[in-house]
Amino acid sequence: MIKGEKVYLRPILKKDVTFLNEWKNDEETYRYLGGGFMPTSLDHHEKWLDSLIDTSGNNKRFIICDKNSAPVGMVGLYDINWIHRTCEIGIYIGGENVKGKGYGKESCQLIEQFAKEYLNLRKIKLNVVSENESAIHLWAALGYEKVGEYRDERFIKGKYKNLVLMEKFI
Ligand SMILES: CC(C)(COP(=O)(O)OP(=O)(O)OC[C@H]1O[C@@H](n2cnc3c(N)ncnc32)[C@H](O)[C@@H]1OP(=O)(O)O)[C@@H](O)C(=O)NCCC(=O)NCCS
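These remarks concern the structure in this document. (Residues numbered from 1 in each chain as written. Predicted model: local features only at pLDDT ≥ 70, side-chain atom pairs only at ≥ 80, totals over all residues.)

### Remarks on the site of the ligand
What counts is decided by this rule: Near residues are defined by distance alone, with the backbone-placed C-beta atom required to lie within 6 Å of the molecule or strand. A run of H or I in DSSP becomes a helix once it reaches four residues, and a run of E becomes a strand once it reaches two; helices and strands are each numbered from the N terminus. Residues are grouped as follows: Ala, Val, Leu, Ile, Met, Phe, Trp, Tyr, Cys and Pro are nonpolar; Asp, Glu, Lys and Arg are charged; every other residue, Gly included, is polar.
Around the ligand, 22 residues are found, and the nearest of them are Lys99, Gly104, Lys105, Ser134 and His137. Secondary structure elements with two or more residues in the shell around the ligand: strand S5 (86-93), helix H5 (103-117), strand S6 (123-129) and helix H6 (133-141). Here the shell around the ligand takes six residues from H6, the largest share from any one element. Counted by class, the shell around the ligand contains eleven nonpolar, seven polar and four charged residues.

### Describing the nonpolar core
Generally speaking, nonpolar side chains in soluble globular proteins are found buried as a group. Filter applied, for reference: Definition of nonpolar core: a set of buried Ala, Val, Leu, Ile, Met, Phe, Trp, Tyr and Cys residues joined via C-beta atoms within 7 Å. Here a residue counts as buried when 20 or more other C-beta atoms sit within 10 Å of its C-beta, as exposed when there are 12 or fewer, and as partly exposed otherwise, the C-beta atoms being derived from the backbone. Note that contacts rest on C-beta atoms placed from the backbone: two residues are in contact if these are within 7 Å.
With 28 residues, the main nonpolar core has Phe62, Ile64, Val75, Ile89 and Ile111 as its most contacted residues. Elements represented by at least two residues in this core include exactly strand S2 (7-11), strand S3 (60-66), strand S4 (71-81), S5, H5, S6, H6 and strand S8 (159-169). For Ile89, the residues in contact, after removing those within four places along its chain, are Leu77, Cys108, Ile111, Ile124 and Leu126.

### Re H5
Applied cut-off: For a helix, the expected span equals 1.5 Å multiplied by the residue count minus one. What the arc covers is the set of directions going from the helix axis to the C-beta atoms.
Helix length check: H5 (15 residues) gives 21 Å between terminal C-alpha atoms against 21 Å at 1.5 Å per residue, within 8%. For H5, the set of buried residues is Tyr103, Gly104, Ser107, Cys108, Leu110, Ile111 and Ala115. Down the axis of H5, the smallest arc covering the buried residues is 160°, so these residues share one side.

So this is what it looks like as structure tokens:
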């Protein structure tokens, strides 16, 4: 468990698949994420649960829980490169009533600290859709800097969107 003030991060359990699937089916939460919005059945979700759970490889995902141990989202490090000591970060807070409470920011701070102090990583990268205001604010507040932008990179809700590339040395 990785402990913070408002939240803690814990590994994913098989039983988490029920709310992971609810979040996956929430258009607002998923449309700006890399995989995009794709309605997914619980049966299908269960098929790739093992790869979500596995923290032994180059992707490490954690469930974000609030102080009452209620699951409020997922944060992860992806494509860890052990030679260059880089990785990507991804996060979502699931459900409307839990966004904007500082959970996202603290979860990122916790996983950044873990990346630095236990995985010996030195740089974290990310992609964010340019119109995703809450995420742009989050990354700016955490000290990520814009290093580029792909034009018309993602097709979301009928329109092509730019994708901003950001990085942070931790
Ligand atoms: C982006 C997301 C993870 C932010 O998590 P959150 O818990 O709601 O954000 P926090 O409450 O921790 O706020 C973090 C910062 O962003 C700002 N922020 C959050 N939501 C905002 C909004 N809708 N508009 C403007 N600023 C916003 C906060 O003010 C805060 O800045 P501060 O520290 O300077 O005060 C969340 O909105 C989400 O899950 N979005 C859908 C998935 C997604 O887009 N993930 C990121 C992909 S790159």
